[in-house]
Amino acid sequence: MLESLELFGETLMYTLRDVSPIIVILLVFQAAVLRRKPANVWGIVTGSVMVLLGLALFLIGLDQALFPIGETMARQLTEEARSVAGTVRWEDYWLVYLFAAAIGFATTVAEPSLIAVGLKAEEVSGGAVNAWGLRIAVAIGVAVGVSLGCFRIVTGTALPWYIMGAYIIVIVQTILSSRMIIPLAYDSGGVTTSTVTVPVVAALGLGLAANVPGRSPLIDGFGLIAFASVFPIISVLGYAITADWVGRWRRRKQHQEMES
């Protein structure tokens, strides 16, 4: 119990140190630029304290739970494949790809920042953008991206080729997409790399690289976050393009039926 309290105290001090520049900037601008007392001071103070406590507990949870879970799952999933003699065969790690897709989808659906963006997009668009549909499209992109990233770790192929190929697809989709969906799609790629997805995906990549023969956690273990960032852009733009084509086809069909 005493060790846990000491760990929480140390983490809380580190969190306060990291957050203090933000607090100083806000106070300076409030006093020197705006020159007015903020409304609901006690609410701001209470909320700030809760944020600090929450961040400290979250960091402890990462270190004590999420990272070990990701590494343990990667080790257990690769045990059967590592027992096969000879060179590393990518098809022996199909359970890893399946788990990566499942965990990428689940963590993205639960991502608080994505939920917030989806609700705001639905509100601003007047319902034209469905919050739940956006979350599903982004989650599918993350699932595909993380699974493909695990394939890259297993095969040991170069990361830049995957990323360059993905962004070429994004550029083509951007040209074909409507202007309304492009900013939202690009933001969707950023909100996935947040509090829930990043720790789990990073732990999975490091654990997988540490347990695949011939792979280095430093060289091969990182990079999954890049996949989790670019592939949601592809999935959202692809969904928008497909929906636009389907809408045009339906309108054309209705027009033809009316003429006939």
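All values reported here derive from a predicted model rather than from experimental measurement.

Calculation criteria
- Along each chain, numbering runs from 1 in the same order as the chain's sequence is written.
- Given that the model is predicted, a residue must reach a pLDDT of at least 70 before its local features are reported, and side-chain atom pairs must reach 80 or more before they are shown or counted; all residues, however, enter totals for whole chains, interfaces and linings.
- To obtain the side-chain values, all non-hydrogen atoms of the structure were included, while hydrogens and water were left out.
- Starting at the N terminus, helices and strands are each numbered in turn, a helix being any DSSP run of H or I of at least four residues and a strand any DSSP run of E of at least two.
- The cut-offs for exposure are 20% and 50% of the maximum accessible area for each residue type, with area from a 1.4 Å probe on protein chains only; residues under the lower value are buried, those over the upper are exposed, and the others partly exposed.
- Here a residue-residue contact requires only that any non-hydrogen atoms of the pair lie within 4.5 Å.
- Using a 1.4 Å probe, the Shrake-Rupley method yields the accessible areas, and only the shown protein chains count as cover for residues.
- Neither His nor the chain ends is counted toward charge; the positive residues are Lys and Arg and the negative residues Asp and Glu.
- Each charge is placed at NZ for Lys, CZ for Arg, CG for Asp and CD for Glu.
- Residues enter patches when they are more than 30% accessible in relative terms and free of salt bridges; like-charged ones are connected within 9 Å and nonpolar ones (Val, Leu, Ile, Met, Phe, Trp, Tyr) within 5 Å.
- Salt bridge, as used here, is a side-chain nitrogen of Lys or Arg placed within 4 Å of a carboxyl oxygen of Asp or Glu.
- Think of pLDDT as the predictor's per-residue confidence, scored from 0 to 100.
- One less than the number of residues in a helix, times 1.5 Å, gives the span that helix is expected to have.
- Here a polar contact is recorded for every N or O atom pair within 3.5 Å, except that within protein the pair must consist of a potential hydrogen donor and a potential acceptor, and residues adjacent in sequence are included only if both atoms are side-chain atoms.
- Within 6.5 Å between ring centres, the rings of Phe, Tyr and Trp (the latter by its six-membered ring) count as paired, and their orientation is classed by plane angle as stacked under 30 degrees, edge-to-face over 60, tilted in between.

Draft legend 1. Just the overall build of the chain, in detail. When helices and strands are tallied, the chain shows nine helices and zero strands. From first element to last, N terminus to C terminus, the chain shows the α and β order α-α-α-α-α-α-α-α-α. Looking at the chain residue by residue over its 260 residues, the buried ones come to 33%. Sequence separation of 24 or more characterises 79% of the internal contacts of the chain that already satisfy a separation of 6 or more. Accessible area of the chain: about 15,700 Å², with a carbon and sulfur share of 69%. Both charge centroids of the chain, one from 17 positive and one from 18 negative side chains, sit 11 Å from each other.

Draft legend 2. Representation of the environment of Pro199 in the model. Along the chain, Pro199 falls in helix α8 (residues 197-211). Taking the C-alpha atoms as reference points, Pro199 and Phe58, separated by 141 residues in sequence, lie 11 Å from one another. Sequence-distant contacts of Pro199, that is, excluding residues within four places in its chain, are made with Phe58, Leu62, Leu66, Phe67 and Ser194.

Draft legend 3. Quick look at a nonpolar patch on the surface. A surface patch of nonpolar side chains, amounting to about 570 Å² of accessible area, comprises Val24, Ile25, Val28, Phe29, Val33 and Leu34. In this structure, Leu34 sits in helix α1 (residues 2-34). On the basis of relative accessible area, Leu34 is assigned to the partly exposed category, the value being 49%.

Draft legend 4. Spotlight on the side chain of Glu111. Take Glu111: it is sitting in the loop between α3 (94-109) and α4 (112-124). As a buried residue without a salt bridge, Glu111 has its nearest oppositely charged side chain in Arg135, at a separation of 10 Å. With residues near it in sequence (within four places) discarded, Glu111 still touches Val191, Thr192, Ser194, Thr195, Val196 and Thr197.

Draft legend 5. Examining the confidence of the model for the chain more closely. Across the chain, the average pLDDT comes to 83, with 96% of residues at 70 or higher. Taken element by element, the predicted model of the chain shows its lowest mean pLDDT in helix α2 (residues 41-82) (78) and its highest in helix α6 (residues 159-176) (93).

Draft legend 6. Helix α5 (residues 131-155), seen in detail. Compared with an ideal rise of 1.5 Å per residue, which puts 25 residues at 36 Å, α5 spans 36 Å between its outermost C-alpha atoms and is within 8% of the ideal. Between the side-chain oxygen of the N-cap and the backbone nitrogen of Trp132 there are 3.1 Å, and the N-cap of α5 in question is Asn130. Directly after α5, the chain includes Gly156, whose backbone phi takes a positive value near 75°.

Draft legend 7. Region of interest: the packing of aromatic side chains. In total, this model carries three aromatic pairs according to the counting rule given. When the ring of Phe227 is compared with that of Phe231, the centres are 6.1 Å apart and the planes differ by 10°; the resulting orientation is stacked. Within this pair, Phe227 and its partner Phe231 are both found in helix α9 (residues 224-259), separated by four residues, close to a single helical turn. Here the two residues Phe227 and Phe231 agree in accessibility, since each one is buried. Members of the aromatic cluster, joined through ring pairs, are Tyr162, Phe227 and Phe231.

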